[in-house]
Every structure is written in C-alpha cells, then in structure tokens.
Amino acid sequence: MKSMTQDIQTTDKKEEFKNYWENSISFDEYLKIAEERFHNNPDKNDEHQEYYELGLTRTNRTVKTYKVDAEQLQKLEAKNFNGKILIISEPWCGDASATVPAVSKFFEAAGVEVKIFLRDSDLSLIDQFQTNGTQSIPKVIIVNDDFSVKADWGPRPQFGNDLLKKFKENEETYPREEFYNDLQVYYAKNRGKDAIEEIISLL
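These lines cover the structure that appears in this document, whether it is placed above or below.

Rules used in this analysis
- Residues numbered from 1 in each chain as written.
- Predicted model: local features only at pLDDT ≥ 70, side-chain atom pairs only at ≥ 80, totals over all residues.
- Heavy atoms only, no water.
- Helix = DSSP H or I, 4+ residues; strand = E, 2+ residues; numbered from the N terminus.
- Buried < 20%, exposed > 50% of the residue type's maximum accessible area, 1.4 Å probe, protein only.
- Contact = heavy atoms within 4.5 Å.
- Polar contact = N/O pair within 3.5 Å; in protein donor to acceptor, adjacent residues only side chain to side chain.
- Axes fitted to C-alpha atoms, helices over the stretch in contact; angles between N-to-C directions.
- Parallel < 35°, antiparallel > 145°, perpendicular 65-115°, else oblique.
- Left-handed = near helix turned anticlockwise from the far one by under 90°.
- Nonpolar A, V, L, I, M, F, W, Y, C, P; charged D, E, K, R; others polar.
- Phe/Tyr/Trp six-rings, centres within 6.5 Å; stacked < 30°, edge-to-face > 60°.
- Lys NZ or Arg CZ within 6 Å of the ring centre and 35° of its normal.

A short note on the environment of Trp92
Step number 1: Among the secondary structure elements, Trp92 is positioned in the loop between strand 1 (84-89) and helix 5 (94-109).
Step number 2: Classification of Trp92 by relative accessible area gives buried; the value is 15%.
Step number 3: Each C-alpha atom, one on Trp92 and one on Leu56, is 7.8 Å from the other, the two residues being 36 residues apart in sequence.
Step number 4: In this structure Trp92 touches His48, Tyr51, Tyr52, Arg119, Asp120 and Ile137, once residues within four positions along its chain are discounted.

Points about the environment of Asp127
Step number 1: Tracing the backbone shows Asp127 in the loop between helix 6 (123-126) and strand 3 (139-143).
Step number 2: By relative accessible area, Asp127 is classed as partly exposed at 38%.
Step number 3: A polar contact is formed between the side chain of Asp127 and the side chain of Gln135, at a distance of 2.8 Å.

Brief notes about the packing of helix 5 against helix 9 (residues 193-202)
Step number 1: Here helix 5 crosses helix 9 at 55 degrees, and the two axes come no closer than 9 Å. Classified by the angle their axes make, helix 5 and helix 9 are oblique. Crossing handedness for the pair helix 5 and helix 9: right-handed. On helix 9, the residues touching Thr99, Ala102, Val103, Phe106 and Phe107 of helix 5 are Ala195, Ile196, Ile199 and Ile200.
Step number 2: Counted by class, the contact of helix 5 with helix 9 contains 8 nonpolar, 1 polar and no charged residues.

Concerning the packing of aromatic side chains
Step number 1: Tallied over the full model, the rule gives 10 aromatic pairs.
Step number 2: Measuring from centroid to centroid gives 5.6 Å for Phe17 and Tyr20, while their planes differ by 75 degrees, and the two rings are edge-to-face. Within this pair, Phe17 and its partner Tyr20 are both found in helix 1 (residues 4-22), separated by 3 residues, close to a single helical turn.
Step number 3: Given a relative accessible area of 7%, Tyr20 falls into the buried group.
Step number 4: Pairwise contacts between aromatic rings join Phe17, Tyr20, Phe117 and Phe129 into one cluster.
Step number 5: Here the guanidinium or amino end of Lys166 rests over the ring plane of Tyr174, the centre of that ring lying 4.2 Å away.

Dropping the structure here:
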C-alpha cells in the first residue's frame, strides 16, 4: 500500500515533467534554432559553434531521406500508446542529427505528440537520465498521458553502442576516426529505423 508521502512525491514528479513538457519546443522550432545558431548565433562564446553546420546538414538529410515504415506504424498501433514523446537534444549533437528527425517524424505521423527539450537550457532534466554518469544525448523519454515516465531510450541504438564498445576496448586497432566514420555511415543507411524499433519495444 502506498503511503501519503509516496503519493505526494509521485504527484510532484508528474508536475515537474509537465513543466519540462511545457518548456519544450516542436521539431520545426528546433530546426529554426539550429539555423539561427549556425548563421547568427546570439551566444558568441558557444563552445559547440563548429558543429552546427555539420549537425544541420545531417539533420536536413535525415528529414529528406526518412520515410515512415508502415510495419512500424502497425507495431505502434498495437501498443495502444496514449502518451507523449519528449526528446532531450541539442542541434550540435552528431547522434541527435541522425535520430531526432526520424523519431520526431515517425511519432508525429502516428498522431503522437512530440516535443524537444534543449538539454543545455536546464541540465536538471538530463541529470535524471544520465548514461554511465554522462549527460549524453539524445534521450527519448516516453511519457504517459498523466506525465508519469514510462521508459527512456538513448543516446544511440544498440548497433551504435556496440561500435562505441569496440572503440573503447581498443583505440589502437579501432581508432576514433574510424569509429566516427562507421557510426555516421550506419546512421545514413539506417535512417532512424533501429532507434524507432527499440523505442516501440519499450512502449
């Protein structure tokens, strides 16, 4: 039996996530911010400035090449999911540029509301979903319709995690440049399909 304290904590948590949701943006707004930061960043000391052009190029490529998979739509429909998708991301992130557009487009096509929370606008959210003690993004938070958290996914599909593990185990035989190249080739070919499949499995 739940105590009154547990009920209050649960209510507070839901309210907290509702606030994060209300302070999030649409994918189109996310793209506009990426464009602005690349062309005329209001933050002249942005340490990620050099990555915006590449991130934007990859994001736009994913948007243009991504096609909603009918089989995945059927799998999602069978889950009877009534919640929302909240993605923690930043436009400079290489992993995000391959995953965020596909995940956004897929769930929007399925009639599921999707919003993006800019990680660096408030680190208190990503700190609740760290990966091995790091603030890695993107993170996809599956939120029920009452703003309770159902599950989370990220920052990359299992195939990407396997490549990272291979790189970390022996950087001499599998150097950083080769790892990054293999990861981006995979992302370009896969077009978000694995990420979406893994997220659906969590619903």
